[in-house]
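# Observations on chain architecture
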Amino acid sequence: LAARGRTLVLTSLRARAHPLTARIMGNEGGDSAGAPKTDAAPAAPAGEDFPGQAELAAGLACWRNLELDCARQHLEQALSRFDPGRDRLYLQHVSTTLFTLAMIHVARDDLAAAEREFYSLLLLQPDFELPPGDHPPKVGYVLAQARKRLTRRQARSVESPPRQHPAAPPAGKEARVPAPSPPATSPRRPWQAGARADLVALFGSDSEVLYPGAGASIFLARRVARHMGLGLEVSYAWHAQRRPAAALQQLSAGLTLSVTLPLGASWHVDLRTQAGVLAMGTRDRYDHWGARLGAGVVFRWPRSGNWSLGLALLPALVATADGVSFFLVTGLSGEVDW
């Protein structure tokens, strides 16, 4: 405590942690503002006017005597014992305790912890101001930072409900009012890659010649906006012919545009469109070329995380020199984001 900054905090704020300090310590005349005492914290009284009074009094006595560890321990115990159902000054006692804990953290130069205590105090008492007197600059700075944090939180809220005191906790439970955590946000993962096992069904005149076939696809995409992605997909499918006994295979590549929307608490739905080229032939010879246009949906689960499983329904149209064909791709996919 020999450092100049800490000495200023401890000596200038001694025994003036809150206007209720003198009353709680049983010294309404304010005699506690004298020089620091070296005796240990008083023992808890046999009877209490409200739950946590003994711990609060002991913590404030330790703070007055510059015993920081002792003060913090007793004050945190007092917070866990406060009971709004049995204490008509419940909010004032919580405010006193949070303020004193903030002063303890300032004295330790732990400004982040002090800001958290001030933030909790402002949630209880938004118009809180420092008690009259000379306070080290660090105290005003930390309080101002906590107030800015509360203002930013309120500005981000779509709806600003009226300020209310927190609900009273059950008796014997911890009464600390924790600072709310910022909304959880998923880390930005702009890239997506995956593979899909397909079943390709044909319609129209093609279905009279070719059986439905098995296929596979791989794709790579990049997010270009919050809910929009642009990617490349390569697909292969194999169809057995009804007459004569032979096989037809197709290979396609295309650009995809997808829009991702939430679907319930655990699902996403991707609305996809695709435009590309397709080649068809037998064995290793691809002698029929055409344009492929498609659209469809992919249901993906889970909604959060860096991986997902999907069910795809992707109808498509293929235009070649011989005519137009229609087919439906149904597939099961796996995807990873990074």
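Presented here is an overview of the structure given in this document. None of these values were measured; they are calculated from a predicted model.

### Comments concerning the overall build of the protein chain
Across its full length, the protein chain holds seven helices and eight strands. Sorting the 338 residues of the protein chain into buried and exposed places 40% on the buried side. Counting contacts in the protein chain only where the partners sit at least 6 residues apart, residues at least 24 apart contribute 59% of the total. Total accessible area on the protein chain stands at roughly 18,600 Å², and carbon and sulfur atoms take up 59% of it.

### Brief notes about the nonpolar core
Proteins that are soluble and globular tend to have nonpolar side chains buried together. Counting residues in each nonpolar core, the largest one holds 34 residues, and the members touching the most others are L56, F82, V94, M103, I104, F118 and F128. At the level of elements, α3 (53-64), α4 (68-81), α5 (90-107), α6 (111-124) and α7 (137-156) are the ones that each hand at least two residues to this core. Broken down by element, the residue count for this core peaks at ten residues, all from α5. Core analysis: the second largest hydrophobic core is formed by 14 residues, L202, L248, L278 and M280 among them.

### Considering the packing of α5 against α6
Where α5 meets α6, the closest approach of the two axes is 8 Å, and the angle between their N-to-C directions is 165°. Our classification of the angle between α5 and α6 gives roughly antiparallel. Along this stretch, α5 crosses α6, giving a crossing that reads as left-handed. Counted together, L91, V94, S95, L98, F99, L101, A102, M103, H105 and V106 of α5 and L111, A113, A114, E117, F118, S120, L121 and L124 of α6 form the full contact between these two elements. Grouping the amino acids of the contact of α5 with α6 by side-chain chemistry returns 14 nonpolar, three polar and one charged.

### What about the state of the cysteines?
Under the defined criterion, the tally for this structure stands at one disulfide. Each sulfur in the disulfide pair C62 and C70 lies 1.9 Å from the other. Judged on exposure class, the residue C62 and its partner C70 are both buried.

### Focus on the packing of aromatic side chains
Scanning the model with the defined rule gives six aromatic pairs in all. Ring centres of F118 and F128 lie 6.5 Å apart, and the angle between their planes is 35°; this geometry places the pair in the tilted category. Of this pair, F118 sits in helix α6 while F128 sits in the loop between α6 and α7, and the two are ten residues apart along the sequence. No difference in accessibility class separates F118 from F128, as the two residues are buried. With a centroid separation of 5.9 Å and 80° between ring planes, the pair formed by W301 and W307 is classed as edge-to-face. Of the residues examined, W307 reaches a relative accessible area of 41% and is grouped as partly exposed. Counting every residue linked through ring pairs, the aromatic cluster contains F99, F118 and F128.

Rules used throughout
- Residues numbered from 1 in each chain as written.
- Predicted model: local features only at pLDDT ≥ 70, side-chain atom pairs only at ≥ 80, totals over all residues.
- Heavy atoms only, no water.
- Helix = DSSP H or I, 4+ residues; strand = E, 2+ residues; numbered from the N terminus.
- Buried < 20%, exposed > 50% of the residue type's maximum accessible area, 1.4 Å probe, protein only.
- Contact = heavy atoms within 4.5 Å.
- Areas by Shrake-Rupley, 256 points an atom, 1.4 Å probe, with all protein chains shown as cover.
- Core = buried A, V, L, I, M, F, W, Y, C linked by side-chain atoms within 4.5 Å.
- Axes fitted to C-alpha atoms, helices over the stretch in contact; angles between N-to-C directions.
- Parallel < 35°, antiparallel > 145°, perpendicular 65-115°, else oblique.
- Left-handed = near helix turned anticlockwise from the far one by under 90°.
- Nonpolar A, V, L, I, M, F, W, Y, C, P; charged D, E, K, R; others polar.
- Disulfide = S-S within 2.5 Å.
- Phe/Tyr/Trp six-rings, centres within 6.5 Å; stacked < 30°, edge-to-face > 60°.

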